[in-house]
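Here is what each chain is made of, one letter per residue.
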Amino acid sequence: MTIDAAELTRRTAELLAAHPPATTDRLDFLKARYDAGLAWVHYPEGLGGLGAPRSLQAVVDTELEAAGAPDNDPRRIGIGLGMAAPTLLKYGTEEQKQRFLRPLWVGEEVWCQLFSEPGAGSDLAALGTRAVREGDTWVVNGQKVWTSSAHVARWAILIARTDPDVPKHAGITYFVCDMTDPGVEVRPLRQITGEAEFNEVFLTDVRIPDSRRLGAVGDGWRVAQTTLMNERVSIGGMRLPREGGMIGPVSRTWRERPGLRTHDLHQRLLKLWVEAEVARLTAERLRQQLVAGQPGYEGSGMKLAFARLNQEISGLEVELRGEEGLLYDDWTMRRPELVDFTGRDAGYRYLRSKGNSIEGGTSEVLLNIVAERVLGLPAEPRTDKDVAWKDLSR
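Residues numbered from 1 in each chain as written. Predicted model: local features only at pLDDT ≥ 70, side-chain atom pairs only at ≥ 80, totals over all residues. Heavy atoms only, no water.

**Student:** Quick one: what's the story with the packing of aromatic side chains, residue by residue and with numbers?
**Tutor:** The final tally for this structure, using the stated rule, is 9 aromatic pairs. Considering the side-chain rings of Trp146 and Phe198, the 6.1 Å spacing of their centres and the 70° angle between planes classify their relative orientation as edge-to-face. Of the two residues, Trp146 sits in the loop between β3 (137–144) and β4 (155–161) while Phe198 sits in strand β7 (residues 198–209), which places them 52 residues apart along the sequence. Residue Trp146 is classed as partly exposed on the basis of its relative accessible area, which comes to 48%. Judged by its relative accessible area of 11%, Phe198 is buried. For Arg187, the ring lying beneath its charged end belongs to Phe202, and the centroid distance is 4.0 Å. (Phe/Tyr/Trp six-rings, centres within 6.5 Å; stacked < 30°, edge-to-face > 60°. Helix = DSSP H or I, 4+ residues; strand = E, 2+ residues; numbered from the N terminus. Buried < 20%, exposed > 50% of the residue type's maximum accessible area, 1.4 Å probe, protein only. Lys NZ or Arg CZ within 6 Å of the ring centre and 35° of its normal.)

**Student:** Outline the layout of surface pockets, listing residues and values.
**Tutor:** Any empty space left between atoms is shown by rolling a water-sized probe over those atoms. For the second largest pocket, the calculated volume is near 180 Å³. Lining the second largest pocket we find 13 residues, and of these Gly119, Ala126, Trp389, Ser393 and Arg394 sit closest to its centre. (1 Å grid on protein atoms, 1.4 Å probe; cavity = no way out; pocket = protein on both sides within 12 Å on 5 of 7 lines; lining within 4 Å. Points joined across faces, edges and corners; volume = space filled by probe spheres on them.)

**Student:** A description of the environment of Ile192 should follow, citing residues and the corresponding values.
**Tutor:** Position of Ile192 relative to the elements: it lies in the loop between β6 (184–189) and β7. By relative accessible area, which is 52% here, Ile192 ends up exposed. Through-space distance from the C-alpha of Ile192 to that of Leu158 is 26 Å; in sequence the pair is 34 residues apart. Those residues within four positions of Ile192 in sequence are excluded, and the remaining contacts are Trp331 and Leu351. (Contact = heavy atoms within 4.5 Å.)

**Student:** Break down the side chain of Thr362 for me, citing the residues and quoting the values.
**Tutor:** In this fold, Thr362 is placed in the loop between α10 (346–352) and α11 (363–374). Looking at Thr362, the relative accessible area reads 14%, which means it is buried. Filtering out sequence-adjacent residues up to four positions away, Thr362 remains in contact with Ser122 and Ser357.

**Student:** Quick rundown of the environment of Arg75? Include the residues and the values.
**Tutor:** The topology assignment puts Arg75 in the loop between α3 (57–66) and α4 (78–91). Considering only alpha carbons, one finds Arg75 and Glu337, 262 residues apart in sequence, at a separation of 9.1 Å. Among residues more than four places away in sequence, those in contact with Arg75 are Leu338, Val339 and Asp340.

**Student:** Break down the state of the cysteines for me, with residues and values.
**Tutor:** For the structure on display, the rule yields 0 disulfides. This cysteine, Cys112, is not joined by any disulfide, and Cys177 carries the nearest cysteine sulfur, 7.8 Å off. We classify Cys112 as buried; its relative accessible area is 0%. The buried category is assigned to Cys177, whose relative accessible area is 1%. (Disulfide = S-S within 2.5 Å.)

**Student:** Give me the nonpolar core: which residues, what numbers.
**Tutor:** Soluble globular proteins tend to bury their nonpolar side chains together. Formed by 54 residues in total, the largest nonpolar core has its most connected members in Trp40, Trp111 and Met179. For this core, the leading source of residues is α4, giving 7 residues. Not counting residues within four places of it along the chain, the set of residues in contact with Met179 comprises Cys112, Leu114, Ala150, Ala153, Arg154, Trp155, Ala156, Val184, Val186 and Val201. (Core = buried A, V, L, I, M, F, W, Y, C linked by side-chain atoms within 4.5 Å.)

**Student:** Now, about helix α1 (residues 5–18): what can you tell me, with residues and values included?
**Tutor:** Between its first and last C-alpha atoms α1 spans 20 Å; for 14 residues at 1.5 Å apiece the expected length is 20 Å, and the two agree. Within α1, the full set of buried residues consists of Glu7, Leu8, Thr12, Leu15 and Leu16. Considering only its buried residues, α1 is in contact with α2 (26–35) and α3. (Expected span 1.5 Å × (residues − 1).)

**Student:** Any chance you could break down the pattern of salt bridges for me, citing the residues and the numbers?
**Tutor:** Within the structure shown, the criterion is met by 38 salt bridges. One salt bridge connects Asp61 with Arg33, and the closest N-O pair in it is separated by 2.9 Å. Taken together, the residues span a long stretch of sequence, with Asp61 in helix α3 and Arg33 in helix α2 at a distance of 28 residues. Notably, a salt bridge pairs Lys168 with Asp123, separated by 2.9 Å at the nearest N-O pair. Placement of the pair is Lys168 in the loop between β4 and β5 (172–178) and Asp123 in the loop between β1 (111–114) and β2 (130–134), with a sequence separation of 45 residues. Under the relative-accessibility criterion, Lys168 is labelled buried at 5%. Via salt bridges that share partners, Arg257, Glu317, Arg321, Glu324 and Arg349 belong to a single interconnected network. (Salt bridge = Lys/Arg side-chain N within 4 Å of Asp/Glu carboxyl O.)

**Student:** So what's going on with the environment of Gly218? Residues and values would help.
**Tutor:** Relative to the assigned elements, Gly218 resides in the loop between β8 (213–214) and α6 (220–236). Gly218 sits 96 residues away from Ser122 along the chain, and the two C-alpha atoms are 21 Å apart.

**Student:** Residues and numbers for the side chain of Arg161, please.
**Tutor:** Mapped onto the secondary structure, Arg161 falls in strand β4. In this structure, Arg161 is buried with no salt-bridge partner, the nearest side chain bearing the opposite charge being Glu117 at 7.6 Å. There is a polar contact of 2.6 Å between the side chain of Arg161 and the backbone oxygen of Ala125. At 2.9 Å, the side chain of Arg161 and the backbone oxygen of Leu127 are in polar contact. (Lys, Arg positive; Asp, Glu negative; His and termini not counted. Polar contact = N/O pair within 3.5 Å; in protein donor to acceptor, adjacent residues only side chain to side chain.)

Given below as structure tokens:
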């Protein structure tokens, strides 16, 4: 049958009648929502969706929010929702989709991303973590870094080198790694904020069954592109209300504390407020484009804008607050379960935003992507393009 807004409203009402939010356990409600196809309505039936247009998700979300229904705490499971799920949907086997998508969406299992490495950060395709096949198992050895939420994750999306005798982009394979397996060691990386939401992960003789491989052997770079493009949209294209995100706190401070105002700060705030609103509306347009298919390279531009604006706005906020802006609430070492770009005080926002131009693709790499893939400018010369990975200088 055709799934339209009226049909989704009816099905949502049925869900609420059968599982009243006020008397239903939170996890039970989320599982029932997934099984009803109301988790992400554009996914196929049986996988949390109904094959409906992506644009109709708002119909369900609005009805459930009005009824006081619980959400799945999307900030805590953002890597699973924004990166792992679309990759599993596109490249996973039917068994993999059935096993992973439901506990991922309801939040029973947290995911992390084992991509970046100490010697291959911006140049991700130069990664050196090796996966060697032994029958139906792959033995993985290497080190990953800047891994958000690795300390609470059950599963990880992992890319590793399976053929060092071909050029770097060609010899990579994509896996799902169990973070509880022997040989997986997670160590905290304390950041400039005092927190350790990032980690380094050491993989020593970790055995991954071939049944947890996504895509063909050696085709991991193509699979990873789905992950990376969705990652940039999930970071730079977040749905925000007007004055949501970093511009919100500084705007409130400006209104509530007129004694801090100067003409120069006023002009700078107006400029950044307009740019933040333009970015918000552009992100909304990008999400609407997703209705037609997978995200494109435009997400790289949105992520670029996100990083620049966060850093400029948080810098303005510290300056606006004067001496108070130099204070910091707590340097205690913590390992938070979620990434909070705008939480705590002005000092935290200023320091945390410094990572925005690194995580999810450095701004320098994203500028190249926008130039070459969006604007069609000539590509930079790449002397290593046709050289076997094992012959590259490291």
